[in-house]
Amino acid sequence: MSTIAENIRLIRKGLSKEVELVAVSKYHPIESIKLAYACGQRVFGESHVQELTQKYKLLPKDIEWHFIGHLQTNKVKLIIPFISLIHAVDSFKLLCEINKQAQKQQRCIACLLQLHVANEESKFGFSLSACEQMLANSEWKNLTSIKLKGVMCMASNVDDEAQINGEFKDAYDFFLHIKELFFSDDDEFCLRSWGMSHDYKIAMRQGSTLVRIGSDIFGDRQY
Ligand SMILES: *Cc1c(COP(=O)(O)O)cnc(C)c1O
């Protein structure tokens, strides 16, 4: 068995059954993705549009591609034909652009709203208040070619488990809050994307349903 297959097997054993594994393959070669594919992995995450579109062309078409990075509005149209889920929608403007391009290409695109919960200067993600405001202003309901399916976040890049746990808890509590306010009759608003290689076990304790794991599967990235 390849090391990659062995890593996936070990990680899967530790995942709660309602949690989906997104194998983050950014900066890893096609050959590594094929090894993961060979042991049944079908969901892959990438964070650069050009790298993703090239990999998409070369790999089996039953792969479910997730875009997990910061998405620039001018590149949205390139991934619309095949993307399964966009994790990090961080502005209403981006949501509108995804909707516009999806409509043109006659698709409906599943999206997650990225929340800024980390205690860091990270540039991306809605503050909780901005996210709630955006939802309260019901304009998003007119966007019929996108489907809001939940939320995503990244915890601070620290060793302090209590801090990481607190940040995921903030995201989970906020998810429950907006679910009740805006999606109470929408069973499809149910996804929580949090947890990476170093913190996915904590993330699962705080309601994660999608873990995005790169290094623990593929090893160090080659930049
Ligand atoms: C790269 C990346 C990951 C994977 O990180 P690892 O530490 O390699 O598991 C997860 N989420 C996002 C948004 C990323 O950019």
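What you are looking at is a predicted structure, and each value in this text was computed from that prediction instead of being measured. (Residues numbered from 1 in each chain as written. Predicted model: local features only at pLDDT ≥ 70, side-chain atom pairs only at ≥ 80, totals over all residues. Heavy atoms only, no water.)

Asks: Looking at this structure, how should I read unusual backbone geometry?
Replies: With the exception of glycine, the majority of residues adopt a negative phi angle, and the majority of peptide bonds are in the trans configuration. If you check the backbone angles, Tyr 27 has positive phi at about 65 degrees while not being a glycine. Relative to the helices and strands, Tyr 27 resides in the loop between β1 (20–24) and α2 (30–38). Tyr 27 sits in the partly exposed class, given a relative accessible area of 31%. (Helix = DSSP H or I, 4+ residues; strand = E, 2+ residues; numbered from the N terminus. Buried < 20%, exposed > 50% of the residue type's maximum accessible area, 1.4 Å probe, protein only.)

Asks: Whenever I open this one, the pattern of salt bridges confuses me. Can you help?
Replies: Note on pairing: side chains with opposite charge can pair once their charged atoms come close. For the structure on display, the rule yields seven salt bridges. Of the charged contacts in the structure, one is a salt bridge between Arg 9 and Glu 6, with a shortest N-O distance of 2.9 Å. Placement of the pair is Arg 9 and Glu 6 together in helix α1 (residues 3–14), with a separation of three residues, close to one helical turn. By relative accessible area, Arg 9 is classed as partly exposed at 36%. (Salt bridge = Lys/Arg side-chain N within 4 Å of Asp/Glu carboxyl O.)

Asks: Mind showing me how you'd approach the pairing of strand β6 (residues 146–153) here?
Replies: Strand residues, when the strand is regular, have side chains that alternate between the two faces of the sheet. The element β6 is extensively covered by neighbouring structure, given that six of its eight residues are classed as buried. Here seven bridges tie strand β5 (residues 109–115) to β6, and the two strands are oriented parallel to one another. Along β6, the bridge assignment pairs Ile 109 with Ile 146. The parallel pair β5 and β6, bridged by helix α6 (residues 128–136), forms a crossover whose chirality is right-handed. Where β6 lies against strand β7 (residues 191–193), three bridges are found, and the strand directions are parallel. Within the sheet, the bridge partner assigned to Gly 150 lies in β7 and is Leu 191. With helix α7 (residues 161–182) bridging β6 and the parallel β7, this β-α-β connection has right-handed handedness. (Pairing = 2+ DSSP bridges. Right-handed = clockwise from strand over helix to strand, strands pointing away.)

Asks: I tried to follow the packing of aromatic side chains on my own but got confused; where do I start?
Replies: Each aromatic ring pair is specified by the distance between its two centres and by the angle formed by the two planes. One pass over the structure, following the stated rule, counts seven aromatic pairs. Aromatic side chains Tyr 27 and Tyr 223 sit 4.4 Å apart centroid to centroid with 70 degrees between the ring planes, which places their arrangement in the edge-to-face category. Of this pair, Tyr 27 sits in the loop between β1 and α2 while Tyr 223 sits in the segment after α9 (215–218); the two residues are 196 residues apart in sequence, bridging distant segments of the chain. Residue classification places Tyr 223 among the exposed residues on the basis of a relative accessible area of 72%. Of the aromatic side chains, those joined through ring pairs into one cluster are Trp 140, Phe 175, Phe 183 and Phe 189. (Phe/Tyr/Trp six-rings, centres within 6.5 Å; stacked < 30°, edge-to-face > 60°.)

Asks: What's the story with the side chain of Glu 46 in this structure? I'm lost.
Replies: Inspection of the secondary structure puts Glu 46 in strand β2 (residues 43–46). In terms of polar contacts, Glu 46 uses its side chain to reach the backbone amide nitrogen of Lys 26, at 3.5 Å. Within the structure, Glu 46 has its side chain in polar contact with the side chain of Lys 55 (distance 2.8 Å). Look past the residues within four positions of Glu 46 in its chain and what remains in contact with it is Ser 25, Lys 26, Ile 33, Glu 51, Leu 52, Lys 55, Trp 65, His 66, Phe 67, Ile 68 and Gly 69. (Polar contact = N/O pair within 3.5 Å; in protein donor to acceptor, adjacent residues only side chain to side chain. Contact = heavy atoms within 4.5 Å.)

Asks: So what exactly am I meant to see when it comes to the site of the ligand here?
Replies: Lining the immediate surroundings of the ligand are Val 24, Lys 26, Ile 68, Met 154, Met 196, Ser 197, Arg 212, Ile 213, Gly 214, Ser 215 and Arg 221. One of the backbone N or O atoms of Gly 214 is found 2.8 Å from an oxygen atom in the ligand. At a separation of 2.7 Å, an oxygen atom of the ligand approaches a polar side-chain atom of Arg 221. For the shell around the ligand, a count of residues per class yields five nonpolar, three polar and three charged. (Near = heavy atom within 4 Å. Nonpolar A, V, L, I, M, F, W, Y, C, P; charged D, E, K, R; others polar.)

Coordinates in, geometry out; function isn't part of it.
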